[in-house]
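# Results of the structural survey
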Amino acid sequence: MTERTLIQAVNSALQDALAGDERVLLLGEDIGVNGGVFRATEGLLEMFGEHRVVDTPLSEAGILGTAVGLAANGLIPIAEIQFMGFIYPGFEQLVAHVARLRTRSRGRYSAPMVVRVPYGGRIRAPELHSDSTETYFIHTPGLTVVTPSNPYDAKGLLLAAAASPDPVIFLEPMHIYRAFRQEVPDDPYTVPLGQAAVVKPGKDVTVISWGSMVRDVAKIAEAMEGSGGPSVELVDLRTLSPIDEDTVFASVRRTGRAVIVHEAVQSLGLGAELAARISEFCILDLEAPVTRVAAWDVPPPLFRLEDWHVPTEARIRAGIERVMTF
Amino acid sequence: MADTAMLRKPSDVTDDVLLNLYTEMVRLRVFDRRCVRLQRAGRIGTYPPLEGQEACQVASTLALRRQDFVVPTYRDYGAMMVHGVPMEHILMYWNGRAEGCEIPDDVNVFPIAVPIATQLPHAAGLAWAAKLRGIDQVALGFFGDGASSEGDFHEALNFAGVFQIPVIFFCENNQYAISVPFRRQTATQTIAEKAAAYGVRGVRVNGQDALEVYRAVRSAVEQAAAGGGPTLIEALTYRYGAHTTSDDPSKYRDPSEADAWRERDPIVQLRQSLVSWGLWDDEAETELLERLESEVTAAVARMEALGPPNPDHLFDCVYAELSPHLERQRRALRAELKDWEGTDQ
Ligand SMILES: Cc1ncc(C[n+]2csc(CCOP(=O)(O)OP(=O)(O)O)c2C)c(N)n1
């Protein structure tokens, strides 16, 4: 066990993945000599050499396109895209090929790979460095989409992703890369894909969130409860696609109320899909309409306005109060 | 030996232009060094220094005509200022203020492109429109050596060649894309030679030599304006500092490299020439530095006088007209902020 930040947990997982399976190789911009712009791959070039930790030319289509071929021919690429806002030049490869290779070859080929993507705002970064567009990937059948909210899950989910027979988009919430430390085992372990976690049990209302927002919601929930407010059950979705319906539905059936909090813009954010499924399957258990607390439907702004774009504490509280008083 | 031991004064460039090249380069350097300090002091956000690349940005832009388009990357705010974007807007931009995105109506500068190489097809399109509309206008798109690895670079060149577009692609080959050295971007010796594959003229210049850059761009503008189509110019240069203020170049390059490039510093070289031609002296230098320091100070003061950010800026330019849905969201935000202590909304 070592106390690790989320980014250190990622580094530890990558090290274990490389050490544990010689088919694994890392691809990305500035991941070798520089150790990654966030230092996720620090030290790995020295440990595993330049054929396994590869500084690529500056080309997301090149990275993701060659990853398809690498994966189909016996290797397991773990690609780093520097920021979510820069994945789009490789979008074609993801949507048309990474996600569909298994379908399109009737199972003859597959593209097991992990695409690591730092995402989300609130680090005061320049333009285009704060996107939270997970919906594009969730909306693409064939991709598994995962995001951890803490260091322990980061390592376990990343190792599970590397072992998955299918491609996984692994979203890393930059806002909490170094926000706090947690005991993380030194040895390899996995946190299963497709399983949400109830991070805080409660009776009155279920709040579903993921990534960096989980921490915000946890604090708000505790503060509300401490001052005589509702008892909040907090579900960390962890895998965004496919959704762990069992955990979500069981919680909502218990509490009768659901609020979804995400950093992505509201329209067609994952909250929309969750609200639809909860309405379809839990309607008779609901005491109030499902509510979403999300970013406004506008492009992520330059950083001076970003705290007002993503869900604020006031908006999250108001969302919870709204379903409580319906 | 210096690249440009220009003993004889050039006859094809006026004194005004020579002095302009110099003073604008110094202006960018004074600005740049101040910005790095402001960032360290937490008064602006992450900032990508340009020091070392002044000749590339100044000489290329001064060779354009006022009506021509400058299409920049994040590092080309220097060129933007040379073409007429107010200094305080650049400061505001790097300070995360929406106001920093404003571009005066009579200044043909495109917004900063952050995703690598994506601006190059825009430059081609802007210039293509000029050609189709019969307007005497060219566009100059900046890019770095790393950008030559992206598809958009190749697609832009191909369109430019196929449609004989009056566009100039200007590569500031500063040897690195963050930590990745030029030799990892391409197996060719140069960027310039890639132009040939698209039927585009390709030239390579010394990017530390303002006059050489100026002449190359001037001739590319003349050719483009005369219907001679596109040019790719590769200028060899170096960024002395970090990729951005979040970067630590000691992780990937030896400091002696920068020292060697500084010996061919574009500003020092041009100053020596100007002095030898009798166009510059110590007194002029002192006066210039004082003037520029106070220009930057005044711009910083305007940035800092802005007051709190305006939340309406989230909404006001997303569409030509706000939809009822966004209208509702804007109302909700305004109401939230009214309740929120510390705002005077
Ligand atoms: C599509 C895309 N991928 C990655 C990045 C992250 N990034 C920002 S600058 C940079 C290096 C760019 O190098 P180069 O084109 O040589 O320009 P320079 O920064 O040296 O001026 C990278 C990889 C980005 N901005 N856009």
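Just so you know, these numbers come straight off a predicted model, no measurement behind them. (Residues numbered from 1 in each chain as written. Chains lettered and ligands numbered in written order. Predicted model: local features only at pLDDT ≥ 70, side-chain atom pairs only at ≥ 80, totals over all residues. Heavy atoms only, no water.)

### Topic: helix H10 (residues 270-282) of chain A
Residue and element names in this part refer to chain A. The end-to-end C-alpha separation of H10 is 17 Å, in line with the 18 Å expected for 13 residues at 1.5 Å each. Considered for burial, the residues of H10 that qualify are Leu270, Gly271, Leu274, Ala275, Ile278 and Cys282. Relative to the axis of H10, the buried residues are bounded by an arc of 135° and lie together on one face. If you follow the buried residues of H10, they end up packed against helix H6 (134-138), strand E10 (205-209), strand E12 (239-241), helix H9 (245-255), strand E13 (258-265) and strand E14 (291-295). (Helix = DSSP H or I, 4+ residues; strand = E, 2+ residues; numbered from the N terminus. Expected span 1.5 Å × (residues − 1). Buried < 20%, exposed > 50% of the residue type's maximum accessible area, 1.4 Å probe, protein only. Arc of directions from axis to C-beta. Contact = heavy atoms within 4.5 Å.)

### Side note on the pairing of strand E3 (residues 167-173) of chain B
Residue and element names in this part refer to chain B. Within E3, seven of the seven residues are buried, leaving the element largely enclosed by the surrounding structure. On E3, burial covers both faces: Val167, Phe169, Cys171 and Asn173 on one face and Ile168, Phe170 and Glu172 on the other are all buried. Traced from strand E2 (residues 139-144) through helix H6 (residues 151-162) to E3, the parallel crossover comes out right-handed. Looking at chain direction, E3 and strand E7 (residues 231-236) are connected through six bridges and run parallel. Bridge pairing links Glu172 to Ala235 in E7. (Right-handed = clockwise from strand over helix to strand, strands pointing away. Pairing = 2+ DSSP bridges.)

### Brief notes about the nonpolar core
Across soluble globular proteins, nonpolar side chains show a tendency to be buried alongside one another. With 105 residues, the main nonpolar core has Leu26 of chain A together with Leu21, Phe31, Trp94, Phe170 and Val217 of chain B as its most contacted residues. Looking at this core element by element, the count peaks at 11 residues for helix H1 (residues 15-40) of chain B. The residues contacting Phe170 of chain B, other than those within four sequence positions of it, are Cys56, Ser60, Leu140, Gly141, Phe142, Phe143, Val213, Val217, Ile233 and Ala235 of chain B. Formed by 46 residues, the second largest nonpolar core is a distinct cluster that contains Ala79, Ile87, Val235 and Ile278 of chain A. (Core = buried A, V, L, I, M, F, W, Y, C linked by side-chain atoms within 4.5 Å.)

### A look at the packing of H1 of chain B against helix H11 (residues 282-304) of chain B
All names here are of chain B. Between H1 and H11, the least distance of the axes is 10 Å, while the angle of their chain directions is 45°. Here H11 runs oblique to H1, going by the angle between their axes. Taken as a pair, H1 and H11 cross one another with a handedness that is right-handed. For the pair H1 and H11, the contacting residues are Tyr22, Thr23, Val26, Arg27, Val30, Phe31, Arg34 and Leu38 in the first and Glu285, Leu288, Leu289, Leu292, Glu293, Glu295, Val296, Thr297 and Val300 in the second. Residue composition of the contact of H1 with H11, grouped by class: 10 nonpolar, two polar and five charged. (Axes fitted to C-alpha atoms, helices over the stretch in contact; angles between N-to-C directions. Parallel < 35°, antiparallel > 145°, perpendicular 65-115°, else oblique. Left-handed = near helix turned anticlockwise from the far one by under 90°. Nonpolar A, V, L, I, M, F, W, Y, C, P; charged D, E, K, R; others polar.)

### Overview of the domain arrangement of chain B
The domain architecture assigned to chain B consists of domain 1 (4-309) and domain 2 (310-345). Look at where the C-alpha atoms of domain 1 of chain B and domain 2 of chain B centre, and you get two points 37 Å apart. (Domains from an automatic or database assignment.)

### Concerning the interface of chain A and chain B
Counting residues at the interface gives 38 residues for chain A and 42 residues for chain B. Between chain A and chain B, the buried area comes to about 3300 Å², and carbon and sulfur atoms account for 63% of it. Together, Leu58, Trp296 and Trp308 of chain A form the three largest contributors to the area buried by chain A at its contact with chain B, with a combined 23%. Applying the counting criterion to the chain A and chain B interface returns two salt bridges. For Glu336 of chain B, the salt bridge is made with Arg315 of chain A, and the minimal N-O distance between the two is 2.8 Å. At the junction of chain A with chain B, the criterion picks out 12 residue pairs in polar contact (both at pLDDT 80 or more). Residue assignment for the side of chain A that touches chain B shows that the elements contributing at least two residues are strand E3 (53-55), helix H11 (306-309) and helix H12 (313-324) of chain A. When grouped by side-chain class, the residues that make up the side of chain A that touches chain B number 18 nonpolar, nine polar and 11 charged. (Buried area = accessible area lost by both parts, 1.4 Å probe. Salt bridge = Lys/Arg side-chain N within 4 Å of Asp/Glu carboxyl O. Polar contact = N/O pair within 3.5 Å; in protein donor to acceptor, adjacent residues only side chain to side chain.)

### Let's talk about the environment of Leu240 of chain A
All names here are of chain A. Structurally, the position occupied by Leu240 is in strand E12. Classification of Leu240 by relative accessible area gives buried; the value is 1%. Sequence separation between Leu240 and Thr103 is 137 residues, and the spatial gap between their C-alpha atoms is 21 Å. Aside from chain neighbours lying at most four places away, what touches Leu240 is Glu134, Ile138, Val145, Val146, Thr147, Leu171, Trp210 and Leu270.

### A few points about the site of the ligand
Around the ligand there are 21 residues in total, and Glu60 and Gln82 of chain A together with Tyr74, Arg75 and Gly146 of chain B lie nearest to it. In this structure the ligand sits where residues from chains A and B come together. Measuring from a nitrogen atom of the ligand, one finds a backbone N or O atom of Ile116 of chain B at 3.0 Å. Separating an oxygen atom of the ligand from a side-chain N or O atom of His243 of chain B is a distance of 3.5 Å. Protein chains shield 96% of the accessible area of the ligand, which is 590 Å² for the free molecule. (Near = heavy atom within 4 Å. Areas by Shrake-Rupley, 256 points an atom, 1.4 Å probe, with all protein chains shown as cover.)

### Some remarks on the pairing of strand E6 (residues 201-206) of chain B
All names here are of chain B. Bridging between E6 and E7 involves six bridges; their strand directions are parallel. Residue pairing for E7: Val205 is matched across the bridge by Ala235. Taken together, E6, helix H8 (residues 210-225) and E7 form a β-α-β motif whose crossover is right-handed.

### With respect to the layout of surface pockets
Its boundaries defined by the atoms lining it, the second largest pocket holds a volume of some 860 Å³. As for the second largest pocket, its lining consists of 32 residues, and the residues nearest its centre are Glu127, Pro300 and Leu302 of chain A together with Ala98 and Cys101 of chain B. No other element matches helix H4 (residues 87-94) of chain B, which puts three residues into the lining of the second largest pocket. For the lining of the second largest pocket, a count of residues per class yields 22 nonpolar, five polar and five charged. (1 Å grid on protein atoms, 1.4 Å probe; cavity = no way out; pocket = protein on both sides within 12 Å on 5 of 7 lines; lining within 4 Å. Points joined across faces, edges and corners; volume = space filled by probe spheres on them.)

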